[in-house]
Amino acid sequence: MQALSERLSDLDAHVRGAIRVVAFYDTLMRRRVDLPALARSSAGLAVCVVGIRLHGTGSVTRTGPDGREAPGEPRTPSSTAPITLDEEEIGTVWLERPGPPNPLDEVLLDRLAIAVAAVVERYGPARTTMADPALVELAISADSDEAARARALRLLGFPAGLPVHVVAVESTLRLDEIGTLICPARPVKAAPLADVGVVLATAVEPTRFPDGVRAGIGSDGSPDRSWQQARTALRFTTARRPVVAFRDLGALALLAQVPEDVVRANADVAALTRVAGSPENLETLDAYCATGSLRRAAERLHLHHSSVARRLDQIGKTLGFALTEPAGLLRAHLALTSWRLLTGPGRPPTG
């Protein structure tokens, strides 16, 4: 390093400083330091508080330049950088410099992020959102005993004692992107199973699901029961309601327990199959069942209420009962929901 410094003595101070920062982190990585040692060394180099957050575990490390844990609440970072591993953002590093940023802060954070990724890859825990499907299946299977389930969750990086909720997902988007959106800065893992994606998280933000996702959210803190609830909730999703939490279904969840052959044999469901042959009639019935009002359905469909009335009259004739009566609206809603359970997401398609 001395010889290199002499050869570069004619370069400006910024370049020489950047080379020293790179050499500093190269030395730390060769010594295979762990995360606490990396944080202490970085804070000493930066002469300010250094922060490290790992999304997969929710852990946050804040170390002062004296090598001790930084007291108090985190300041607004003066500079930040993402930690990436296998092309996935797994965390963030930052500096809490009280004054203006140092010219070398960007170089320091860049090398710190690379070093943190190397430490996480070497020492764990499980480093990315995407997880081993076999471990995920072991965690959510009703056939797993509690000891095996606890071990699987531990290997996935979930702290003991925290409830783990399960989300059943149908989407063309990447599961790791969905997972980090709905559970930011907390432990979250995802894996594809045979016919549906699975996301395990200690907390779920239902409003953060992106467009193009159908998702059912389990409510139970036990992963096996939460998985069954999530699969059930996924079956109740629609284009208008793409994300459904099991706890919001209430008594409607009982419909998912009715055998399919019984549902198919029901006269109202059979008649609804004929209604579904016309997309505009199906959309009209969906809007009417969702709003319970002819005029509000017309507003939702951007149609004149007289046009909606004519469609509902035609649909009522196909179903064999008047939709404008309370009993008729209830029957139509139950028939529409049951029909969707036969044809919608969350289950293999049937004839």
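Peer 1: Please explain the sheet that holds strand S3 (residues 79–85) as it appears in this structure.
Peer 2: Each strand in a sheet pairs with another by means of backbone hydrogen bonds, the pair being arranged parallel or else antiparallel. Strand order in the open sheet made by the four strands is S2-S1-S4-S3, with antiparallel pairing throughout. Looking at strand neighbours, the two that pair on one side only are strand S2 (60–63) and S3, the edges of this open sheet. Looking at each pair of strands side by side, their axes are set apart by 15° on average, direction ignored. Here S3 pairs with strand S4 (residues 88–96) via seven bridges, running antiparallel. Considered in S4, the bridge of Pro82 is made with Thr92. Each of strand S1 (49–54), S2 and S4 is contacted by helix H3 (residues 35–46), which is oriented at about 145° to S1, the strand it contacts most.

Peer 1: Whenever I open this one, unusual backbone geometry confuses me. Can you help?
Peer 2: Comment: phi is negative for the bulk of residues other than glycine, and the bulk of peptide bonds are trans. In the Ramachandran plot, Arg32 falls in the positive-phi region, its phi being about 55° despite a non-glycine side chain. With respect to the helices and strands, the residue Arg32 is situated in the loop between helix H2 (13–30) and H3. Arg32 gets classed as exposed once you look at its relative accessible area, which sits at 52%. Its identity is not glycine, yet Val47 carries a phi of approximately 60°, on the positive side. Considering the arrangement of structural elements, one finds Val47 in the loop between H3 and S1. Note on Val47: relative accessible area 59%, which makes it exposed.

Peer 1: Hey, could you run me through the environment of Thr180 in this one?
Peer 2: In this structure, Thr180 sits in helix H7 (residues 175–182). Judged by its relative accessible area of 27%, Thr180 is partly exposed. For the pair formed by Thr180 and Leu162, sequence separation is 18 residues and the distance between their alpha carbons is 18 Å. Within the local environment of Thr180, its side chain forms a polar contact with the backbone oxygen of Asp176, the two atoms lying 3.1 Å apart. At a separation of 3.1 Å, a polar atom in the side chain of Thr180 contacts the main-chain carbonyl oxygen of Glu177.

Peer 1: Please clarify how the packing of helix H10 (residues 267–275) against helix H14 (residues 326–343) should be interpreted in this entry.
Peer 2: How two helices sit against one another is set out by the angle between their axes and by the gap between those axes. The N-to-C vectors of H10 and H14 enclose an angle of 75°; their axes lie 9 Å apart at closest approach. Regarding the angle of H10 to H14, the classification is roughly perpendicular. Contacts between H10 and H14 involve Asp268, Val269, Leu272 and Thr273 on the former and, on the latter, Arg331, Ala335, Leu336, Ser338, Trp339 and Leu342. Each residue belonging to the contact of H10 with H14 can be placed in one class, and the counts come to six nonpolar, two polar and two charged.

Peer 1: Could you clarify how one ought to interpret the packing of helix H11 (residues 279–291) against helix H12 (residues 294–301) in this entry?
Peer 2: Look at H11 against H12: their axes get within 8 Å of each other, and the N-to-C directions meet at 125°. As far as their axial angle goes, H12 and H11 are oblique. When the axes of H11 and H12 are compared, the crossing they make is right-handed. Along its contact with H11, which presents Glu283, Thr284, Ala287, Tyr288, Ala290 and Thr291, the element H12 presents Leu294, Arg296, Ala297, Arg300 and Leu301.

Peer 1: Explain the pairing of S4 to me, please; I cannot follow it from the model alone.
Peer 2: Note on strand geometry: in a regular strand, side chains alternate between the two faces of the sheet. Along S4, eight of the nine residues are buried, which leaves the element largely enclosed by surrounding structure. Both S1 and S4 contribute to a ladder of six bridges, which runs antiparallel. The residue of S4 that forms the bridge with Val50 is Leu95. Between S3 and S4, which pair antiparallel in sequence order, lie two residues; one of them, Asp86, sits at a positive phi of approximately 55°.

Peer 1: Hey, could you run me through the pattern of salt bridges in this one?
Peer 2: Close approach of charged atoms allows side chains of opposite charge to pair. In this structure the tally under the stated criterion is 16 salt bridges. The residue Glu283 makes a salt bridge to Arg240 at a minimum N-O spacing of 3.8 Å. Of this pair, Glu283 sits in helix H11 while Arg240 sits in the loop between helix H8 (223–235) and strand S9 (243–245), and the two are 43 residues apart along the sequence. Look at Arg240 and you get partly exposed, because its relative accessible area is 37%.

Peer 1: Help me understand the packing of aromatic side chains, please; the structure alone is not making it clear to me.
Peer 2: Pairs of aromatic rings are described using the distance from one ring centre to the other and the angle between the two planes. Applying the stated criterion across every chain, the model contains one aromatic pair. Seen from their ring centres, Phe24 and Tyr25 are 5.2 Å apart, and the 85° between their planes marks the pair as edge-to-face.

Peer 1: What's the story with H10 in this structure? I'm lost.
Peer 2: Residues spaced three or four apart along an α-helix face the same direction, because each turn holds 3.6 residues. Within H10 the residues assigned to the buried category are Asp268, Val269, Ala271, Leu272 and Val275. For H10, the angular spread of buried residues about the axis comes to 160°, placing them on one side. Turned more than 90 degrees away from the buried face of H10, the exposed residues are Ala267 and Arg274. Of the surrounding secondary structure, the elements contacted by the buried residues of H10 are helix H9 (260–265), H11, helix H13 (305–319) and H14. For H10, the capping residue at the N-terminal end is Asn266, with a side-chain oxygen 2.9 Å from the backbone nitrogen of Asp268.

Peer 1: Honestly, the nonpolar core in this entry has me stumped. Any pointers?
Peer 2: Ranked by internal contacts, the top residues of the largest apolar core, which has 29 residues, are Tyr25, Leu38, Ile83, Val93, Leu112 and Val116. Per-element tally for this core: the top contributor is helix H4 (residues 105–123), with nine residues. Once residues within four sequence positions are removed from consideration, Leu112 is found in contact with Tyr25, Leu38, Ser42, Val50 and Val93. If you look at the next biggest cluster of nonpolar residues, it comprises 26 residues, including Leu272, Leu282, Ala287 and Cys289.

Calculation criteria
- Residues numbered from 1 in each chain as written.
- Predicted model: local features only at pLDDT ≥ 70, side-chain atom pairs only at ≥ 80, totals over all residues.
- Heavy atoms only, no water.
- Pairing = 2+ DSSP bridges.
- Helix = DSSP H or I, 4+ residues; strand = E, 2+ residues; numbered from the N terminus.
- Axes fitted to C-alpha atoms, helices over the stretch in contact; angles between N-to-C directions.
- Contact = heavy atoms within 4.5 Å.
- Buried < 20%, exposed > 50% of the residue type's maximum accessible area, 1.4 Å probe, protein only.
- Polar contact = N/O pair within 3.5 Å; in protein donor to acceptor, adjacent residues only side chain to side chain.
- Parallel < 35°, antiparallel > 145°, perpendicular 65-115°, else oblique.
- Nonpolar A, V, L, I, M, F, W, Y, C, P; charged D, E, K, R; others polar.
- Left-handed = near helix turned anticlockwise from the far one by under 90°.
- Salt bridge = Lys/Arg side-chain N within 4 Å of Asp/Glu carboxyl O.
- Phe/Tyr/Trp six-rings, centres within 6.5 Å; stacked < 30°, edge-to-face > 60°.
- Arc of directions from axis to C-beta.
- Core = buried A, V, L, I, M, F, W, Y, C linked by side-chain atoms within 4.5 Å.

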